[in-house]
Amino acid sequence: MDKHGLKGLVFPRWAIGKFLETLPQLIEVAGGLRKADLVVRNVNLVDVAGGRVVGNVSIVAYSGFITALVSASDDKVYIGPSTMVINGGGSYAAPGFIDAHVHVETSFLRPSEFSKLALMHGTTMIVTDPHDIANAGGLKHLLAFTEEAIRQPLKVLVQVPSCVPPTRSEVDNPGYTLSVKDVEELLDSGLFHSLGEFMDYASVVNRDPEALGKIKAALLRGMLIYGHLPSPDDRVLNAYSSLGASSCHESTSLDEALGKLTHGMWVMLRFGSAWRDGEVILPGLIKGGYDLDRVILVTDDVSVMDLVEHGYMDRVVKDAVELGLDPVDAVKLVTINPATYLRLDNLVGVLAPGRLADIVLLRDLRGLEVDTVVVNGNVAYHNGQLMLRDFQETGTLTSLGLTFNIPVIRGLDDLAVRVGEDYSEALVLAIGVEYGVTVTRKVKVKVPVVNGIAAPNPDSDVAYVAVIDKYRAGGVGKGFVTGLGLRRGALAQSMGRDTHNILVIGADLGDMYTALRELERIRGGVVAVSNGEVKCRLRLSIGGLMSNEPFTKVYHEAKCLEDFLRYCGAPNPRMAPFHISILTLTVIPEVRVTPKGLVDVKSLTIINPILEVR
C-alpha cells in the first residue's frame, strides 16, 4: 500500500530515526561540547511534568531536539556563530499544543491549509480520523488525504477510520465500505497511528463479527482504539470499554464523564466550534477536585471561521482557564496528557531534553496570546507572520472529484411529503435540534397542508429536510426539523455525515429546489438560496468536503454562509452548519434522516414522519 515510500514521512517514525542518527551530537551539545542550532533565552518554562512555572530558563536545541534546560545566565556556552537565538524576554514557553481528536474535513480546508492555521496558533500536532473523506470517496480518497497530511510541518497522526459506513444497518445508503481486510491492510501500511473512533457502538455491544474483526485487528497490532459512546447506560459502557476502546469524546454530563473515567477510559472534553460539552463538564471536575490526569481537551469539529477569528488549541486553553482551571493545568490537558495517552510523551508534550523542540512562546498564561511557535526546531510563526513555506499540496488530493449520481429531481414534488388534497393540517414527527448538543429528540409538531403537501411551518420553527442518494441515483428521504430557527431560505450541501449524501434543508421548497440545482452545477459544496436567488456558494471540490482554495478565500465564503444563516433566523449561525450536517448521522440518538427516510436510531428502523392528518 505504501507505493510511494511514504512511511519515512510518518511521525514518530522519522523522529525516532533522526534521534538515533544524531544521538552522539545531541549528547555533545547537552554537555556543552558542541554549539546548539537554537537557543530560546530567558523564558518562564511551563513545566507540565512538575505542574509549575520555572523562571529564567533557556531552552537549548540541536537538530530539532531539546538537549538542555539551563539558567539563562549559563546559556552562552551553547551559543556559536550559527546558533539561532530567540530572546524570550520573560515570555512563557509551553510545549506545542496537541489536538488529540479532530476531523480536518469539518474545517472545509485541505490538510496543507489547515496546517498553516494550526501552527499559527501554537498547535504542533493533531490526531485526525478522516472518516468523512473515506465515506465520501473510499480508499482512494482516504489515501490521498493521508499522503498530503503526513507531508506537513504540522505533525498529523492519521487514524484508520473504523466505521465506513458509520453503521452496518440497512437504514442508510452509503457509498463505500472499508472491510476488516481493508482495515488490516491499512493498519499494516505504516501510514496510520491508530484505529479511529468506533462510532457503531451498537454493533460492538451486539458482537457483530465485522465490528469485532476490526477491533481485534487493532488489538493484535498493539494500536490504540478511539471510542465514541453517546450512551450513559452502564451495561453498554461495561461492554464497550471491555473491548479495548480507550477513550471517548462523547460525554455530555459530569456523571457520564466520571463513569467513563471509572471504567478506565480517557475522557476527551470537546471545546470545538459546535460541540462544547467541556463547558458543562470541566467546571464540575474542577469544583469536585477530581483528578485530571486522564482528561484531554479536544475540538472534534472546528470551523475555518473560528480558526481565523479566535484561534485553535490556544483558544481552547484560554476557554478552560476562563472556566476556572489553573493555567498550568489547562496547558497540561493539551500537551503532556494527550502525549501520554498517545504513547508519545518520550517525544512530545513536555519541554525536556530528548523531546522534539516544539515550543510555543506566550505573552501571558491567561490571555494565551501566541508570539512565536517553534516546530521540530524550526521557527514556524513569529510576531504575526507565518515563517515556514513547506506546506505541500499533493496533486492526488487536488484532483479528487465527487460522485454526483443523484436521481432525477423534476421539481418540488420530488422533495416534498405528499399527504393528499383533502387535508389542511398534519401532525408530524420532527427532528428536534438543541444547539451545542449532538443528540436529537423526537418532537411532535403541526404543519399546514398546502395543495396536498405537508409544508414547512417557518413561523413555528419547522423546516423541511430532504436527503438524496448521490452514489447510485437511489431514493430521497424526507422529513422535518425544528430547533434550528430557519424561517426563510434554503441550503443544499454535499456534506451529510457520515455517508455524505446530498442534504437539502429550508423553509421554502422552491428555494430548496433552486439550491439543489446549483449544487449539482458546481459539483459539491454548500449553496444558499433565498427568494429564488443564490446568495452564497462554498465550492468544496475535494470529495464534496474540502476546498482547493487558500484558507483566506474559504473563510470569506464560509462567512457568507454564516451571514446567510443569521438572515434566515438561526440563533447561532456558526453552529448551525454542524447541526445540519449531522441530521443524517445514524450513530447518535434519537432520530435522523437518510435517503431511506426518517430513522429511529435506537431501533434502527425507518419511521413515518406523518403521524396524523386532518
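Residues numbered from 1 in each chain as written. Predicted model: local features only at pLDDT ≥ 70, side-chain atom pairs only at ≥ 80, totals over all residues. Heavy atoms only, no water.

### A closer look at unusual backbone geometry
Then, number 1: Geometrically, the link from Val 164 to Pro 165 is a cis peptide bond, its omega value of 5° lying close to zero.
Then, number 2: Within the fold, Pro 165 resides in the loop between strand 8 (155-158) and helix 4 (180-188).
Then, number 3: The omega angle of the peptide bond from Pro 589 to Glu 590 is 15°, so this bond is cis rather than trans.
Then, number 4: Backbone geometry places Asn 42, a non-glycine residue, at a positive phi of 55°.
Then, number 5: Inspection of the secondary structure assignment puts Asn 42 in strand 1 (residues 38-47). (Helix = DSSP H or I, 4+ residues; strand = E, 2+ residues; numbered from the N terminus.)

### A short note on the state of the cysteines
Then, number 1: Inspection of every chain in the model, using the stated rule, returns one disulfide.
Then, number 2: Residue Cys 536 pairs covalently with Cys 560 via a disulfide, S to S 2.0 Å. Between Cys 536 and Cys 560 the sulfur-sulfur dihedral comes to about -80°; the bridge is accordingly left-handed. Of this pair, Cys 536 sits in strand 27 (residues 533-539) while Cys 560 sits in helix 16 (residues 551-568), and the two are 24 residues apart along the sequence.
Then, number 3: Given the relative accessible area of 4%, Cys 536 is considered buried.
Then, number 4: The cysteine Cys 248 is free of any disulfide, with Cys 163 supplying the nearest cysteine sulfur at 13 Å.
Then, number 5: Free cysteine Cys 568: the closest other cysteine sulfur is in Cys 536, separated by 9.1 Å. (Disulfide = S-S within 2.5 Å. Buried < 20%, exposed > 50% of the residue type's maximum accessible area, 1.4 Å probe, protein only.)

### Considering the sheet that holds strand 7 (residues 123-128)
Then, number 1: The three strands are arranged 6-7-8 in an open sheet whose pairing can be described as parallel. Of all strands in the sheet, those with a lone pairing partner are strand 6 (97-102) and strand 8, marking the two edges. Each neighbouring strand pair of the sheet contributes to a mean axis angle of 15°, computed without reference to strand direction. (Pairing = 2+ DSSP bridges. Axes fitted to C-alpha atoms, helices over the stretch in contact; angles between N-to-C directions.)

### What to know about the packing of aromatic side chains
Then, number 1: Counted under the stated rule, the structure contains eight aromatic pairs.
Then, number 2: With a centroid separation of 5.3 Å and 45° between ring planes, the pair formed by Trp 266 and Tyr 341 is classed as tilted. Here Trp 266, found in strand 12 (residues 266-270), pairs with Tyr 341, found in helix 13 (residues 336-341); they are 75 residues apart in sequence, far enough to count as distant. Take Trp 266 and Tyr 341: they sit in the same class, and that class is buried. (Phe/Tyr/Trp six-rings, centres within 6.5 Å; stacked < 30°, edge-to-face > 60°.)

### Observations concerning the environment of Asp 188
Then, number 1: Tracing the backbone through its elements, the reader meets Asp 188 in helix 4.
Then, number 2: Here the alpha-carbon distance between Asp 188 and Arg 221, two residues 33 residues apart in the chain, equals 8.4 Å.
Then, number 3: A polar side-chain atom of Asp 188 sits 2.7 Å from a polar atom in the side chain of Arg 221. (Polar contact = N/O pair within 3.5 Å; in protein donor to acceptor, adjacent residues only side chain to side chain.)

### Re the side chain of Asp 200
Then, number 1: In this fold, Asp 200 is placed in the loop between strand 9 (195-198) and helix 5 (201-205).
Then, number 2: Within the structure, the side chain of Asp 200 is placed 2.6 Å from the side chain of Ser 203, a separation counted as a polar contact.

### Quick look at the packing of helix 4 against helix 6 (residues 209-220)
Then, number 1: It is at 9 Å that the axes of helix 4 and helix 6 come closest, and there the two elements cross at 15°. By the angle between their directions, the pair helix 4 and helix 6 is classed as roughly parallel. Seen from above, helix 4 lies across helix 6 with right-handed handedness. The segment helix 4 lies against helix 6, with Val 180, Val 183, Glu 184 and Leu 187 engaging Glu 210, Gly 213, Lys 214, Ala 217 and Ala 218. (Parallel < 35°, antiparallel > 145°, perpendicular 65-115°, else oblique. Left-handed = near helix turned anticlockwise from the far one by under 90°. Contact = heavy atoms within 4.5 Å.)

### Some details on the sheet that holds strand 30 (residues 605-607)
Picture the strands of a sheet paired through backbone hydrogen bonds; they go either parallel or antiparallel.
Then, number 1: A sheet is described by the order of its strands in space; here three strands give the open sequence 28-29-30, paired in antiparallel fashion. Among the strands making up the open sheet, the edge pair consists of strand 28 (591-594) and strand 30. Shown here is a sheet whose adjacent strand axes are inclined to one another by a mean of 45°, direction ignored.
Then, number 2: Inspection of the sheet shows strand 28 paired to strand 29 (residues 597-600) by four bridges, in the antiparallel sense.

### Overview of the environment of Lys 444
Then, number 1: For Lys 444, the location among the structural elements is in strand 20 (residues 441-450).
Then, number 2: For Lys 444, a relative accessible area of 62% corresponds to the exposed category.
Then, number 3: Through-space distance from the C-alpha of Lys 444 to that of Ala 430 is 6.1 Å; in sequence the pair is 14 residues apart.
Then, number 4: Discounting chain neighbours no more than four positions away, the residues touching Lys 444 are Leu 427, Val 428, Leu 429 and Leu 611.

### Topic: helix 11 (residues 313-322)
Then, number 1: Counting buried residues along helix 11, eight of its 10 residues qualify, which places the element largely inside the surrounding structure.
Then, number 2: Within the sequence span of helix 11, burial applies to Met 313, Asp 314, Arg 315, Val 316, Val 317, Asp 319, Ala 320 and Val 321.
Then, number 3: On the buried face of helix 11, the contacting elements are strand 6, strand 7, helix 9 (278-288), strand 13 (295-298), helix 12 (327-332) and strand 15 (370-375).
Then, number 4: Where helix 11 ends, the next residue or the one after it, Gly 324, has phi of about 110°, a positive value.

### A look at the pattern of salt bridges
Then, number 1: Taken as a whole and judged by the stated rule, the model has 40 salt bridges.
Then, number 2: Taking the shortest distance from any N to any O, the salt bridge between Glu 309 and Lys 559 comes out at 2.9 Å. Taken as a pair, Glu 309 in helix 10 (residues 304-309) and Lys 559 in helix 16 lie far apart in primary sequence, 250 residues in all.
Then, number 3: Note that Arg 521 and Glu 518 form a salt bridge whose closest N and O atoms lie 2.7 Å from each other. Of this pair, Arg 521 and Glu 518 are both found in helix 15 (residues 509-522), three residues apart, which corresponds to roughly one turn of the helix. (Salt bridge = Lys/Arg side-chain N within 4 Å of Asp/Glu carboxyl O.)

### Considering the side chain of Thr 124
Then, number 1: Considering the arrangement of structural elements, one finds Thr 124 in strand 7.
Then, number 2: What Thr 124 contacts, discounting residues up to four positions off in sequence, is Gly 96, Phe 97, Leu 119, Leu 154, Lys 155, Asp 358, Val 373, Val 374 and Val 375.

### Side note on helix 6
Then, number 1: A rise of 1.5 Å per residue sets the reference length of helix 6, with its 12 residues, at 16 Å; its end C-alpha atoms lie 16 Å apart and thus fit the reference within 8%.
Then, number 2: Here helix 6 has its buried residues at Ala 211, Leu 212, Gly 213, Lys 214, Ile 215, Ala 217 and Ala 218.
Then, number 3: Next to the buried residues of helix 6 lie helix 4, strand 9, helix 5 and strand 10 (225-227).
Then, number 4: Capping of helix 6 at its N-terminal end is provided by Asp 208; its side-chain oxygen lies 3.1 Å from the backbone amide nitrogen of Glu 210.
Then, number 5: Gly 222, located one to two residues past helix 6, shows a positive phi value of around 70°. (Expected span 1.5 Å × (residues − 1).)

### Description of the pairing of strand 20
Then, number 1: By the bridge criterion, eight bridges tie strand 19 (residues 425-432) to strand 20 in an arrangement that is antiparallel. Residue pairing across strands places Gly 432 opposite Arg 441, the latter belonging to strand 20.
Then, number 2: Both strand 20 and strand 21 (residues 453-454) contribute to a ladder of two bridges, which runs antiparallel. Note that in strand 21 the partner of Val 449 across the bridge is Ala 454.
Then, number 3: Following strand 20, the chain reverses through two residues before pairing antiparallel with strand 21; Asn 451 in that reversal takes a positive phi of roughly 55°.

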